[in-house]
Amino acid sequence: MDDLFMARCQMGMSLAFHIVFAAIGIGLPLMMCIAEWLWLRTGDDVYHELAKRWSKIAAILFAVGAVSGTVLSFELGLLWPHFMEWSGEIIGLPFALEGFAFFTEAIFLGIYLYGWNLVPRAVHLASGVLVAISGLLSGLFVVLANGWMNTPTGFKIQMPSGFKVHMPVGVGLPGGAASNPIIVDPITLVANPDFNNPLGKPVAIDPVAAMFNPAGIPEAVHMLIACYAATAFMFAGIHAYCLLKDKRNVFHRRAMALSLVVGAVMAIVQPLTGDVLAKMVAERQPVKLAAFESLFDTKEGAPLLIGGVPDVANEKVNFAIEVPHALSFLAYSDFNAKVKGLKEFPKELWPNIPIVHYCFQIMVASGMIMSLVSLWAGVHYVRRRNMLDSKAFLWALTACAPLGFIAIETGWMVTEVGRQPWVIQGVMRTKDAVTPMPGLAVPFFTFTGLYLFLAVIVVWLVYRQVAKSPVVHESLGEPVPPSEPVSEDRSEGEPILPSEPVPEKPSEGES
Amino acid sequence: MNFSLSPEEILGGAMIVAATFYALMGGADYGGGVWDLLAFGSRAKQQRETIAEAIGPIWEANHVWLILVIVILFTCFPRAFSAISIVLHIPLSLLLIGIIMRGSAFTFRTYDSHKDNVQRFWGRIFAISSTITPILLGIIIGVISSGDIIVGPGVDGTSGGVGTSSGIGTSGGIGTIGAVSDGFGGSPFYNVYVQPWIQPFPIAVGFLALSLFAYLAAVYLTNDTKDLEVQNDFRRRAIVSFFVSGAIAGGVFVLAKTEAPEGFQDLVNAFPIHIGAAISAVGSLVCLFKRHFRLARLFAAMQVSMILWGWALGQYPYLLRPDLTIRNCAANPLTLNLVIAALVVGAVLLFPSFYYLMRIFKLTEKRDTKEAVADSLSP
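Residues numbered from 1 in each chain as written. Chains lettered and ligands numbered in written order. Predicted model: local features only at pLDDT ≥ 70, side-chain atom pairs only at ≥ 80, totals over all residues. Heavy atoms only, no water.

**Side note on the overall build of chain A**
Line of reasoning, step 1. Counting its secondary structure elements, chain A contains 15 helices and 11 strands.
Line of reasoning, step 2. A total of 511 residues make up chain A; the buried ones form 60% of that total.
Line of reasoning, step 3. Across chain A, contacts joining residues at least 24 apart in sequence account for 78% of those joining residues at least 6 apart.
Line of reasoning, step 4. Summed over all atoms, the accessible surface of chain A reaches about 19,700 Å², with 66% contributed by carbon and sulfur. (Helix = DSSP H or I, 4+ residues; strand = E, 2+ residues; numbered from the N terminus. Buried < 20%, exposed > 50% of the residue type's maximum accessible area, 1.4 Å probe, protein only. Contact = heavy atoms within 4.5 Å. Areas by Shrake-Rupley, 256 points an atom, 1.4 Å probe, with all protein chains shown as cover.)

Take a look at the structure:
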């Protein structure tokens, strides 16, 4: 099989696997810390139990995240050696900083997980906070590096001798042939995608400018909020499901309420950060933006498509719902703005339109559903209704559990596939970055099999942790952990409490 | 004489420092896995528990040293990272599989069911991958010092084209790459991607790494238990692995003379460090016999550090013998200086944190820690 394709599959698969662990590694410590802080503040032992249990899940996921992240740092070289050779000195700095953030995370996670009784409580919570902060910073640095691949800045390109510049006058370059050495600003390449010269040499390198490239911060903010929203919604969904089975269990109530608050805030903010990012893409990567929406013809007052089946051969989209002028407005804050269509660009510079289009639609839809469910929760809260009484709401929350991760996966497909055929937008093509090593199908299938195996185990272990949740009923303040040691055959959620009747309290919605 | 260091020398040094920490700490974690694999006798269970408690809180932090080495390499010496990644694709991929299996299996064992068969399953995977991974690490170190990979000038004079002495090479996007063929037959694929590391010298270095890590782990583990019998078990293992690693080191030395002649000469020239390593080795052995386990730990760590530094000094200024050096692969000065600044700031934050971690889990009274850790993990 085609080695380039296999290399892309391996990279994509490795990222898709790692990103789940990375996202939870960013999101879960925040929730763990909030739970622990609530415990210290209120003295409610249910929060202590919650922080401990979440920290165990974090431990499993962090370990797999750490090793799969290591794989990625090597794969940058194993699969894309020419990319790394060319750009390592430009974009390595955020990776170096990420290394330190990861270090801090690993050190304080060790203290957090194993040190419950070894360090003072305040130090323990502070360790958790450091894990949360360093997780956030790790995510930030890595996404900044990815932003650079979309909007490369912080260097210039020196063309080899004999190279002829054929670019329109007025893009910062002399038109026609010029004397050597020609130094090109990558911005002009991005503006003129009909250009490729991997043999140029990077000069005038400024790693700080590269790190703070235009796409970096908007992408990072969008991604980090996605991490919190996805993690919080997943746990809110899991505990909502448990509450459908046992409504009175205070452990699940607290867990759901805490997760829901974090998730709802993030999910409601997320469309705004997505909008900022889309405007940046519109300005810097017009081909990508056109691919999001399968916009083939340049239009003034371009509509936003909902759904639809792109027909690339005939350059049209079937079955889509059109929202008139909405795309122009979202991309340029002007209902009649002109949005460049794909036909403005040579076909060889188009990404895979259906993949980008479908992934974009799925991402937006997942995000929107999460926002709407969050608003629904908000309505419950404002009207002081007990969410637990609404089975429909609990089912909706349960159904939302995977949505955040679906949005993250498809969002990354959008940004990575949407950048193709470039590895560095306008500067280096993916095909010029790949390793000369043949037979790349072998590592692809090996790592895929390995990751599938790990995924199954991780799901099983997390299920075990959740299934071991304590049964704590309202009237009996103390949390009751399952009998120790947890025997393997004990059925999930079986109450370990004395069988005395438990009076139900009417309203505890905000707990 | 001028002793001022250039930025690339500082960064090369930083890589060696990070590699030293990785060997002393991450290496010992692998060694722990080796002793898990080799646990036998009536106290096998206690031995395995001691190992798990010793590495549980710290292995992830220890693992990050490796990432630091890689990140410095690809940021500051990108050409060397590229060439090594191409030619050593197969052993590096195998190394990654070992790293994945070791870390995951260890964690799964901690958090999966405590039934015997489940624990045995994960324990076995953890132990086997802990044994294979150091061999691959050593193989990679062996190849880059063997001088078997020739990197010619690239098309634009900067990027690496790598070729073989017999003219066999594989075209890449930018250059060509290959390895010295010892008049060996075989396909071009074999000559470029397999043959350089399937050689006696790199494989011997692989076993040297394995035996040193096992030795370090055994010495450390004597400090990690209060159970006198378990302590004696690890003491015996430490003494045995001391002699085994010594014998393998001798073998590597002999092989280096024929297989990596240039490297061998430089290795010999670094003799003052080898003398330091030898003194530490004797100190460590004496302390083991006299049961001064804390001091033995210090000597063993010094011994392994000096072996690594002796190699590093012999390797200097090469990253990939015989063509790539820290000078001709160096990134631009601004990048180098920024990374140095990041390392300084990072070190200021990191070392106190690391010390704190070690103080909690390694330097306090053992019994308290053990119970508290067990309690942290209880459901």
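**Brief notes about the packing of aromatic side chains**
Line of reasoning, step 1. With the rule as written, the count across this model stands at 35 aromatic pairs over all chains.
Line of reasoning, step 2. On the numbers, 4.5 Å between centres and 15° between planes, the contact of Phe21(B) with Trp65(B) is stacked. Placement of Phe21(B) in helix 1 (residues 7-37) and of Trp65(B) in helix 3 (residues 59-76) is noted, with a sequence separation of 44 residues between them.
Line of reasoning, step 3. A relative accessible area of 3% means that Trp65(B) is categorised as buried.
Line of reasoning, step 4. In textbook terms, an aromatic cluster arises when at least three aromatic residues are bridged by ring pairs, as seen for Phe103(A), Phe21(B), Trp65(B), Phe351(B) and Phe354(B).
Line of reasoning, step 5. The ring of Trp422(A) carries the charged tip of Arg429(A) above its face, separated from the ring centre by 4.9 Å. (Phe/Tyr/Trp six-rings, centres within 6.5 Å; stacked < 30°, edge-to-face > 60°. Lys NZ or Arg CZ within 6 Å of the ring centre and 35° of its normal.)

**Examining helix 11 (residues 353-382) of chain A**
Residue and element names in this part refer to chain A.
Line of reasoning, step 1. Taking 1.5 Å per residue, 30 residues should reach 44 Å; helix 11 reaches 43 Å between its end C-alpha atoms and fits that length.
Line of reasoning, step 2. N-cap assignment for helix 11: the residue whose side-chain oxygen lies 3.3 Å from the backbone N of Ile355 is Asn352.
Line of reasoning, step 3. Downstream of helix 11 by a residue or two, Arg384 has a phi angle that is positive, lying close to 55°. (Expected span 1.5 Å × (residues − 1). Polar contact = N/O pair within 3.5 Å; in protein donor to acceptor, adjacent residues only side chain to side chain.)

**Structural notes on the confidence of the model for chain A**
All names here are of chain A.
Line of reasoning, step 1. Of the residues in chain A, 85% have a pLDDT of 70 or more, and the chain-wide mean is 85.
Line of reasoning, step 2. Here helix 5 (residues 186-191) stands out as the least confident element of chain A, with mean pLDDT 60; helix 13 (residues 403-417) is the most confident, with 96.
Line of reasoning, step 3. Across residues 166-180, confidence stays below pLDDT 50; counting only partners more than four residues off in sequence or on other chains, it has 24 contacts.
Line of reasoning, step 4. Counting interchain partners and residues more than four positions distant, the pLDDT-below-50 stretch residues 482-511 has 45 contacts. (pLDDT = per-residue confidence, 0-100.)

**What to know about helix 6 (residues 116-146) of chain B**
All names here are of chain B.
Line of reasoning, step 1. Here helix 6 is 31 residues long and its end C-alpha atoms lie 45 Å apart, about the 45 Å a rise of 1.5 Å per residue gives.
Line of reasoning, step 2. Of all 31 residues that make up helix 6, 22 are buried, and the element is covered over most of its length.
Line of reasoning, step 3. Once helix 6 finishes, Gly147 follows within two positions and takes phi at roughly 80°, a positive value.

**Regarding the confidence of the model for chain B**
Line of reasoning, step 1. When pLDDT is averaged along chain B, the result is 84, and 86% of the positions lie at 70 or above.
Line of reasoning, step 2. Reported confidence for the predicted complex is 0.89 by ipTM and 0.88 by pTM.

**Quick word on the state of the cysteines**
Residue and element names in this part refer to chain A.
Line of reasoning, step 1. Tallied over the entire structure, the rule returns zero disulfides over all chains.
Line of reasoning, step 2. Unpaired in terms of disulfides, Cys33 finds its nearest cysteine sulfur in Cys227, a separation of 16 Å.
Line of reasoning, step 3. A relative accessible area of 10% means that Cys33 is categorised as buried. (Disulfide = S-S within 2.5 Å.)

**Examining the pattern of salt bridges**
Line of reasoning, step 1. One pass over the structure, following the stated rule, counts 19 salt bridges over all chains.
Line of reasoning, step 2. In this structure, the salt-bridge partner of Arg43(B) is Glu229(B), at a minimum N-O distance of 3.9 Å. Within this pair, whereas Arg43(B) is found in the loop between helix 1 and helix 2 (44-55), its partner Glu229(B) is found in helix 9 (residues 228-259), the two being separated by 186 residues in sequence.
Line of reasoning, step 3. For Asp233(B), the salt bridge goes to Arg43(B), with nearest N and O atoms at 2.8 Å. Separated by 190 residues along the polypeptide, Asp233(B) in helix 9 and Arg43(B) in the loop between helix 1 and helix 2 bring together distant segments of the chain. Pair check on accessibility: Asp233(B) and Arg43(B) agree, each one buried.
Line of reasoning, step 4. Look at the salt bridges and you will find they share partners, linking Asp297(A), Glu315(A), Lys343(A) and Lys347(A) into a network. (Salt bridge = Lys/Arg side-chain N within 4 Å of Asp/Glu carboxyl O.)

**A few points about the nonpolar core**
Line of reasoning, step 1. By size, the foremost hydrophobic cluster in this structure holds 243 residues, and its most contacted members are Trp54(A), Phe83(A) and Phe77(B).
Line of reasoning, step 2. In terms of residue count, the dominant contributor to this core is helix 2 (residues 45-79) of chain A (21 residues).
Line of reasoning, step 3. Those residues in contact with Phe77(B) that lie beyond four places of it in its chain are Glu8(B), Leu11(B), Gly12(B), Met15(B), Ile72(B), Leu319(B), Ile326(B), Cys329(B) and Ala330(B).
Line of reasoning, step 4. Grouped together as the second largest cluster of nonpolar side chains are 29 residues, Val287(A), Ala326(A), Ala331(A) and Cys359(A) included. (Core = buried A, V, L, I, M, F, W, Y, C linked by side-chain atoms within 4.5 Å.)

**So, the interface of chain B and chain A**
Line of reasoning, step 1. Contacts between the two partners involve 81 residues from chain B and, on the opposite side, 77 residues from chain A.
Line of reasoning, step 2. Across the interface of chain B and chain A, roughly 7,000 Å² is buried in total on both sides, 76% from carbon and sulfur atoms.
Line of reasoning, step 3. On inspection of chain B and its partner chain A, the count reaches one salt bridge.
Line of reasoning, step 4. Across the pair Arg464(A) and Asp112(B) runs a salt bridge whose closest N-O atoms are separated by 4.0 Å.
Line of reasoning, step 5. Applying the counting rule to chain B against chain A returns 10 residue pairs in polar contact (both at pLDDT 80 or more).
Line of reasoning, step 6. For the side of chain B that touches chain A, the secondary-structure elements that each account for two or more residues are helix 3, helix 4 (78-87), helix 5 (89-111), strand 3 (170-171), helix 7 (188-194), helix 13 (333-361) and helix 14 (366-377) of chain B.
Line of reasoning, step 7. Here the side of chain B that touches chain A takes 16 residues from helix 5 of chain B, the largest share from any one element.
Line of reasoning, step 8. Here the side of chain B that touches chain A is built from residues that sort into 46 nonpolar, 28 polar and seven charged. (Buried area = accessible area lost by both parts, 1.4 Å probe. Nonpolar A, V, L, I, M, F, W, Y, C, P; charged D, E, K, R; others polar.)

**Quick notes on the environment of Ile369(A)**
Residue and element names in this part refer to chain A.
Line of reasoning, step 1. Structurally, the position occupied by Ile369 is in helix 11.
Line of reasoning, step 2. For Ile369, a relative accessible area of 40% corresponds to the partly exposed category.
Line of reasoning, step 3. Each C-alpha atom, one on Ile369 and one on Cys400, is 7.9 Å from the other, the two residues being 31 residues apart in sequence.
Line of reasoning, step 4. In contact with Ile369, not counting residues within four places along its chain, are Cys400 and Leu403.

**So, the side chain of Thr107(B)**
Line of reasoning, step 1. Among the structural elements, Thr107(B) can be located in helix 5.
Line of reasoning, step 2. A polar contact is formed between the side chain of Thr107(B) and the backbone oxygen of Gly103(B), at a distance of 2.9 Å.

**Section: unusual backbone geometry**
Line of reasoning, step 1. The step from Tyr316(B) to Pro317(B) runs through a cis peptide bond, and the omega angle for that step is 0°.
Line of reasoning, step 2. Residue position: Pro317(B) is located in the loop between helix 12 (293-315) and strand 5 (318-320).
Line of reasoning, step 3. Going from Arg321(B) to Pro322(B), the amide bond is cis rather than trans, its omega being 0°.
Line of reasoning, step 4. On the secondary structure map, Pro322(B) appears in the loop between strand 5 and strand 6 (324-325).
Line of reasoning, step 5. In this model, Ala204(A) sits at a positive phi of 50°, which is unusual for a non-glycine residue.
Line of reasoning, step 6. Checked against the element boundaries, Ala204(A) lands in the loop between strand 3 (201-203) and helix 6 (207-211).
Line of reasoning, step 7. With phi around 50°, Ser294(A) is a residue other than glycine that occupies positive phi space.
Line of reasoning, step 8. Looking at the secondary structure, you find Ser294(A) in the loop between helix 9 (286-293) and strand 4 (299-300).
Line of reasoning, step 9. Residue classification places Ser294(A) among the buried residues on the basis of a relative accessible area of 3%.

**Remarks on the side chain of Ser366(A)**
Residue and element names in this part refer to chain A.
Line of reasoning, step 1. As for its placement among the helices and strands, Ser366 is situated in helix 11.
Line of reasoning, step 2. Ser366 gets classed as buried once you look at its relative accessible area, which sits at 4%.
Line of reasoning, step 3. In terms of polar contacts, Ser366 uses its side chain to reach the backbone carbonyl oxygen of Ile362, at 2.7 Å.
Line of reasoning, step 4. For Ser366, the residues in contact, after removing those within four places along its chain, are Leu403, Ile406 and Ala407.

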